[in-house]
Amino acid sequence: MSRFRILALAGLLTGVFVGLGLWQIERRSWKLDLIARVDARIHAQAVPAPGPGDWPGLEPADAEYRKVALDGVYLPGPETLVKAVTVKGPGFWVLAPFRSERGFTVLVNRGFVPEGRSDPSARSGAVSRGRTHLAGLLRLSEPGGGFLRSNDPAGGRWYSRDVAAIAQARGLGTVAPYFVDADAESEPGPRPLGGLTVVSFRNTHLIYALTWFCLAGMSAWAGFQLLRRRPEGEKEG
């Protein structure tokens, strides 16, 4: 490869790496803003859970982890157990259908039960059949599955909180496209135990940015060293 081509390649790589580094800086700013907005939602006063008129406009950036409140009753029927791993160890989330006084149905994640305590008879917290007020965090549906496994509605094995699939399997009809993670006041436990939602966002953009900038510096340095090198055959004057 000629000296000119090597210099051009070094310049191109330097520009590309700088661009990638700047992109990661922009991504980091976006992520920090998202974290700040979610933190504000979590600690805000609860607002009424979105009704059917609001469902088409729900977007993760604006709706996820919004603190919401519901008044209504839990519907009769079996609860749905979804595989979970929490700070309390492995077990299940307990999902139950809830009929809002405003006329729509939403799945409520009542909280966590450990393995061996999934049967309602082995729990201390029976679902209330009277008028109930609850609050928690709005979470959008988790279709497909989790833990590298697909949901198996026919076998009753659930690895993610797939609202539409659970509603179909339970014959619930139309339900909200989200579920609500009940807080610890609504479901104080111990079984099920609410308020275990983990709010965590991976933020490694600064590390990636520094990596790209280092590569840009190495490419620029290589080009500079090539410029300083005297072409073969050229003698000092």
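Details of the structure are given in the entry above.
Our subject in this report is the structure included herewith. These numbers were taken from a predicted model, which means no experiment stands behind them. (Residues numbered from 1 in each chain as written. Predicted model: local features only at pLDDT ≥ 70, side-chain atom pairs only at ≥ 80, totals over all residues. Heavy atoms only, no water.)

### What about the nonpolar core?
The nonpolar side chains of a soluble globular protein tend to be buried with one another. As a reminder of what qualifies: Side-chain atoms within 4.5 Å link the members of a nonpolar core, which is a set of buried Ala, Val, Leu, Ile, Met, Phe, Trp, Tyr and Cys residues. Burial classes: relative accessible area under 20% of the type maximum marks a residue as buried, over 50% as exposed, and values in between as partly exposed (1.4 Å probe, protein chains only). Put simply, DSSP H or I for four residues or longer makes a helix, DSSP E for two residues or longer makes a strand, and each gets a number counted from the N terminus. We call two residues in contact when some of their heavy atoms are within 4.5 Å.
One finds Leu70, Phe98, Val106, Val108, Leu134, Tyr178 and Val180 to be the most contacted residues of the largest nonpolar core, which totals 19 residues. Broken down by secondary-structure element, the contributors of at least two residues to this core are β2 (67–74), β4 (89–100), β5 (105–114), β6 (132–140) and β9 (178–182). If we ignore the near neighbours within four places in the chain, the residues touching phenylalanine 98 are Leu70, Asp71, Gly72, Val73, Tyr74, Phe104, Thr105, Val106, Val108, Thr132 and Leu134. Membership of the second largest hydrophobic core comes to 15 residues, among which are Ala84, Trp93, Val163 and Ala165.

### Notes on unusual backbone geometry
The phi angle of most residues is negative, glycine excepted, and most peptide bonds adopt the trans form. Of note in this structure, tyrosine 65 is not a glycine but carries a positive phi near 70 degrees. Within the secondary structure layout, tyrosine 65 lies in the loop between α2 (60–63) and β2.

### What about the environment of glycine 89?
Mapped onto the secondary structure, glycine 89 falls in strand β4. Glycine 89 has contacts with Ala84 and Phe112, leaving out every residue within four places of it along the chain.

### Overview of the pairing of β4
Residues in a regular strand point their side chains to alternate faces of the sheet. The test is simple: Any two strands with at least two DSSP-identified bridges between them are counted as paired.
For β4, the tally of buried residues reaches nine of twelve residues, placing the bulk of the element in the interior. Pairing between β2 and β4: three bridges, direction antiparallel. For tyrosine 74, the partnering residue across the bridge sits in β4 and is phenylalanine 98. With seven bridges connecting them, strand β3 (residues 80–86) and β4 associate as antiparallel partners. Its bridge partner being in β4, lysine 83 is matched across the sheet by phenylalanine 92. Linking two consecutive strands that pair antiparallel, namely β3 and β4, is a turn of two residues. Relative to β5, β4 runs antiparallel, the two being bridged by nine bridges.

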